[in-house]
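Structural description and commentary
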Amino acid sequence: SESVKQANTTGSRRSEGHYINKSLLTLGHVIWKLSEGSRKNIPIEEIQQHIPYRDSKLTRLLQPSLGGNAQISIICNVS
């Protein structure tokens with residue numbers, strides 16, 4: 001994620017950083033909701049709570065991979 005103060009961004013770059021942060025936050029929330037069911041040994045299909053896939057473009061794109069029987073590897077590049 002990006003910090004506005006550390007990056008000293010303005011205008012469109014600041015807006016882009018906002019959307020990146022929102023997408024990463026939403027991805028974390030979706031993964032947390034999905035893992036909550038696995039901690040309780042509940043299959044994904046039977047989870048009764050709302051999974052917020054539509055809250056960002058990133059989670060909308062990853063919905064088939066996140067919601068199915070796929071194994072996912074997430075690679076983060078932190079500098």
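Structure shown above.
To keep things clear, this report deals only with the structure shown in the data block. Keep in mind that what you see is a predicted model, and the values were worked out from it rather than measured.

Next up on the list: the overall build of the protein chain. When helices and strands are counted, the protein chain shows three helices and zero strands. Starting at the N terminus, the α and β elements of the protein chain follow one another as α-α-α. Here the protein chain, with 79 residues, has 22% of them falling under the buried criterion. Pairs at least 24 apart in sequence give 35% of the contacts found in the protein chain among residues at least 6 apart. For the protein chain, the accessible area works out to roughly 6,700 Å², and carbon and sulfur atoms hold 51% of it.

Attention shifts here to the nonpolar core. Within the largest apolar cluster, six residues are counted, these being Leu 27, Val 30, Leu 34, Ile 51, Tyr 53 and Leu 66. With near-sequence residues (within four places) excluded, Val 30 lies in contact with Ile 51, Pro 52, Tyr 53, Thr 59 and Leu 66.

Here we come to a positive patch on the surface. Taken together, Lys 22, Arg 54, Lys 57 and Arg 60 make up a surface patch of like positive charges. Turning to its location among the elements, Lys 22 is positioned in helix H2 (residues 11-39).

Calculation criteria
- Residues numbered from 1 in each chain as written.
- Predicted model: local features only at pLDDT ≥ 70, side-chain atom pairs only at ≥ 80, totals over all residues.
- Heavy atoms only, no water.
- Helix = DSSP H or I, 4+ residues; strand = E, 2+ residues; numbered from the N terminus.
- Buried < 20%, exposed > 50% of the residue type's maximum accessible area, 1.4 Å probe, protein only.
- Contact = heavy atoms within 4.5 Å.
- Areas by Shrake-Rupley, 256 points an atom, 1.4 Å probe, with all protein chains shown as cover.
- Core = buried A, V, L, I, M, F, W, Y, C linked by side-chain atoms within 4.5 Å.
- Patch = residues over 30% accessible without salt bridge, like charges linked within 9 Å, V, L, I, M, F, W, Y side chains within 5 Å.
- Salt bridge = Lys/Arg side-chain N within 4 Å of Asp/Glu carboxyl O.
- Lys, Arg positive; Asp, Glu negative; His and termini not counted.
- Charge placed at Lys NZ, Arg CZ, Asp CG, Glu CD.

Remember, this is a structural readout, not a statement about activity or role.
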